[in-house]
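Read off the chains here:
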Amino acid sequence: MDKRHRRFTPRFVIRLVVALFAGVIIYLSYQNAIDRFKDFSITIDNQSAYELTSIQAGLIGPTNTANVKDKSLYIPDLDLPSGKKIKFTPQLKLSGEESIVLKFKDSRGRYYTETVCGYTEHLTGHTRVTVTNDTISVKEECS
């Protein structure tokens with residue numbers, strides 16, 4: 001058989017697959033690094049048996065430890081059923097060095113307040129909040 005008519009040799013296919021795999025890994029790593037420079041976003045993963053309601057995100061300053069209403073407040077007008085995820089970008093107005101807090105209530109009537117970004121000057125990055133029946137875990141990557 002003439003070699004000019006064989007377009008895809010096994011060696012070529014293997015190299016192509018390895019190159020594509022490496023490209024996907026590099027792209028996903030790059031995408032995660034870029035997220036730190038995008039507008040701040042919050043992802044809530046509700047793994048609990050309860051619906052989450054009254055979801056609010058707000059800013060608190062260094063002297064204001066609990067009252068979000070004195071600072072910027074964002075209410076996404078979303079309820080989060082059990083087993084679902086949401087991602088939103090709170091529209092907040094930053095004035096100096098502040099922290100971002102998330103408040104919500106579950107369908108049992110229990111209220112929660114979690115710091116989702118302990119310190120920010122730029123409102124960039126993202127935070128992932130996972131809610132279970134017993135715990136709330138926060139993974140913050142913000143600046």
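See the structure printed just above.
A brief structural summary. Because the structure is a prediction, the values reported are computed rather than measured. (Residues numbered from 1 in each chain as written. Predicted model: local features only at pLDDT ≥ 70, side-chain atom pairs only at ≥ 80, totals over all residues. Heavy atoms only, no water.)

Okay, the environment of T120 next. Along the polypeptide, T120 turns up in strand β6 (residues 111–120). Excluding its chain neighbours within four sequence positions, the residues that come into contact with T120 are L94, G96, E97, E98, I100 and S143. Within the structure, T120 has its side chain in polar contact with the backbone nitrogen of H122 (distance 3.3 Å). (Helix = DSSP H or I, 4+ residues; strand = E, 2+ residues; numbered from the N terminus. Contact = heavy atoms within 4.5 Å. Polar contact = N/O pair within 3.5 Å; in protein donor to acceptor, adjacent residues only side chain to side chain.)

A separate point is the state of the cysteines. Under the counting rule described, the total for this entry stands at one disulfide. Between the sulfur of C117 and that of C142 lies a disulfide, 2.0 Å long from S to S. Here C117 and C142 share a disulfide; its torsion about the S-S bond, 105°, makes the bridge right-handed. Placement of C117 in strand β6 and of C142 in strand β8 (residues 136–142) is noted, with a sequence separation of 25 residues between them. (Disulfide = S-S within 2.5 Å.)

This brings us to the sheet that holds β6. Spatially, β3-β2-β5-β6 is the arrangement adopted by the four strands of the open sheet, whose pairing is antiparallel. Whereas interior strands pair on both sides, the edge strands pair on one side only; in this sheet they are β3 (73–74) and β6. The pairing of strand β2 (residues 52–60) with β3 spans two bridges and is classified as antiparallel. Residue pairing in the sheet places A57 in a bridge with Y74 of β3. (Pairing = 2+ DSSP bridges.)

Keep in mind these numbers describe shape, not what the thing actually does.
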